[in-house]
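This is what each chain is made of:
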Amino acid sequence: MGATSEDEGSTGDALDIVLYLFVLGPAVEWCLKSPRVNRGRPGSWRGVSLAVLLLALVAAGKMAWESGTREPNHFETLGVRVDAGTAEIKRAYKTESLKYHPDKTDDPAAPAIFMRMQRAYETLKDPSSRDAYNRFGGKSGDDESGGMTGAAMFYAIWLVLGYLLTMGRASEDARTWAFSGLLALAVVEYQTRVLKYDYLAMVLPHTTVHEKLELLHRLFPPFLHGSRMISQVVFRDIGVYNKMLVEQMHVKVDELGKLAYATQREIAKQGIARPSGVAAPLAAAADGFAKLGGEKAADAAVGAAAPSVARASSGAAVAGAGAESAADQEAAAKQAAAREAAAASQQNNRMTNLILFFLVYAGFKYVMDKD
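Basis of the calculations
- Residues numbered from 1 in each chain as written.
- Predicted model: local features only at pLDDT ≥ 70, side-chain atom pairs only at ≥ 80, totals over all residues.
- Heavy atoms only, no water.
- Helix = DSSP H or I, 4+ residues; strand = E, 2+ residues; numbered from the N terminus.
- Buried < 20%, exposed > 50% of the residue type's maximum accessible area, 1.4 Å probe, protein only.
- Areas by Shrake-Rupley, 256 points an atom, 1.4 Å probe, with all protein chains shown as cover.
- Salt bridge = Lys/Arg side-chain N within 4 Å of Asp/Glu carboxyl O.
- Lys, Arg positive; Asp, Glu negative; His and termini not counted.
- Polar contact = N/O pair within 3.5 Å; in protein donor to acceptor, adjacent residues only side chain to side chain.
- Contact = heavy atoms within 4.5 Å.
- Phe/Tyr/Trp six-rings, centres within 6.5 Å; stacked < 30°, edge-to-face > 60°.
- Core = buried A, V, L, I, M, F, W, Y, C linked by side-chain atoms within 4.5 Å.

So, about the overall build of the protein chain. Within the protein chain, the secondary structure is distributed over 14 helices and 0 strands. Ordered by position in the sequence, the α and β elements of the protein chain form the string α-α-α-α-α-α-α-α-α-α-α-α-α-α. The buried share of the protein chain, taken over its 371 residues, is 34%. As displayed, the protein chain offers around 21100 Å² of accessible surface, 63% of which is attributable to carbon and sulfur atoms.

What follows concerns the pattern of salt bridges. Tallied over the full model, the rule gives 7 salt bridges. Residues Arg81 and Asp83 are paired through a salt bridge, measuring 3.1 Å at the closest nitrogen-oxygen approach. Across the pair Lys212 and Asp198 runs a salt bridge whose closest N-O atoms are separated by 2.6 Å. Taken together, the positions of Lys212 in helix α10 (residues 209-234) and Asp198 in the loop between α9 (172-194) and α10 put the pair 14 residues apart, joining distant regions of the chain. Look at the salt bridges and you will find they share partners, linking Asp131, Arg135 and Lys196 into a network.

With that settled, consider the side chain of Arg130. Tracing the sequence through the fold places Arg130 in helix α7 (residues 127-136). One buried charged side chain, Arg130, makes no salt bridge at all; its nearest oppositely charged neighbour is Asp126, positioned 7.4 Å away. A polar side-chain atom of Arg130 sits 2.5 Å from the main-chain carbonyl oxygen of Leu124. Leaving out residues up to four positions away in the same chain, Arg130 has contacts with Phe75, Ala84, Gly85, Thr86, Ile89, Thr123, Leu124 and Lys125.

What follows concerns the environment of His225. Structurally, His225 can be placed in helix α10. Measuring from C-alpha to C-alpha, the distance between His225 and Gly162 comes to 9.6 Å, with 63 residues separating the pair along the chain.

This part covers the packing of aromatic side chains. Applying the stated criterion across every chain yields a total of 6 aromatic pairs. Ring geometry for Tyr93 against Tyr121: centres 4.3 Å apart, planes inclined by 10°, an arrangement best described as stacked. Here Tyr93 is found in helix α5 (residues 86-100), whereas its partner Tyr121 is found in helix α6 (residues 110-124), with 28 residues between them in sequence. Measuring from centroid to centroid gives 5.1 Å for Phe154 and Tyr155, while their planes differ by 85°, and the two rings are edge-to-face. Among the aromatic residues, those joined into a cluster by ring pairs are Trp158, Phe220 and Phe223.

Right, let's talk about the nonpolar core for a bit. If you look at the biggest cluster of nonpolar residues, it comprises 14 residues, and the most contacted ones within it are Phe75, Leu78, Val80, Ile89, Tyr93, Met117 and Leu124. Broken down by element, the residue count for this core peaks at 5 residues, all from α6. With residues up to four places along the chain from it excluded, the contact list for Met117 reads Thr77, Leu78, Tyr93, Glu96, Ser97 and Tyr100. By size, the runner-up hydrophobic cluster in this structure holds 11 residues, among which are Tyr155, Leu165, Ala178 and Leu185.

So, in structure tokens, the structure goes:
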């Protein structure tokens with residue numbers, strides 16, 4: 001039976017990898033990035049809602065499938081609730097065992113069923129062993145300590161993996177969601193295993209606490225995976241956005257300087273007298289952009305507009321501002337190229353990260369199932 005359980009666990013892990021990597025991952029990404037769903041804006045509330053609904057449906061289907069395919073526990077074998085008393089368990093055992101007693105029926109499966117009922121009754125007739133079986137899946141103090149150790153290992157491993165898999169600014173929200181979910185799961189597990197308060201007793205009356213928590217443990221990896229994908233799509237880098245605004249402002253300032261230079265040249269050609277209040281600013285802008293563009297005729301056009309000292313100082317200031325603007329634009333172009341390269345690298349490494357994630361998860365589940 002132990003080998004069969006390990007084989008089933010390995011098969012389940014392989015199916016999980018195929019499901020999350022090749023089915024659920026692309027489906028969630030399509031929900032978040034499809035123009036048809038998001039109406040031209042990736043990560044809109046429509047796409048996020050559809051992705052969350054898809055993850056919830058997959059999680060519910062996974063729980064239902066695992067609950068229906070697993071081997072019946074002792075409570076289900078005798079047909080009693082997990083909170084049944086000793087008298088009720090004894091009465092159920094007598095009633096059910098008579099149906100499958102080898103001397104009472106010719107059913108070829110009756111002996112195996114009868115032996116399973118005997119094992120179930122031997123475990124559940126004693127309150128202490130029944131409580132240990134319900135909370136930790138065993139019937140002794142060793143099983144209780146082993147169950148607590150396994151739970152501690154689960155949270156320690158996923159705490160580290162959750163941090164490593166959500167590194168980077170684009171995954172900050174995913175880190176918050178994952179750690180909040182892990183903390184909520186730890187609180188629920190503490191209250192059910194230690195404080196003996198079963199939240200799901202009304203929904204799953206014949207399922208042990210240990211089995212319910214194992215189902216929740218298996219749902220955490222897809223929850224973390226979905227959180228990472230949603231966080232990376234809805235992430236908005238405020239620093240990059242502010243940088244774009246600054247670049248747009250530089251472009252507008254350059255256009256304004258060119259307009260001032262063109263106006264200065266037109267005024268100089270037509271010989272129109274300018275008000276003294278605007279002579280110096282126009283002359284300074286024209287002189288700066290003339291020097292930046294290699295125009296040699298600006299000095300002659302602006303010479304009569306302002307004193308030479310004011311023109312020289314203003315022209316140098318504007319020229320310096322123009323040079324700084326050009327340097328900023330070059331730096332912005334380099335940063336944009338770096339961002340594009342980083343995005344391409346992230347896209348190329350996505351499959352590698354997902355494979356590593358599920359390999360670590362499969363290894364962890366293999367160790368836990370083997371123990």
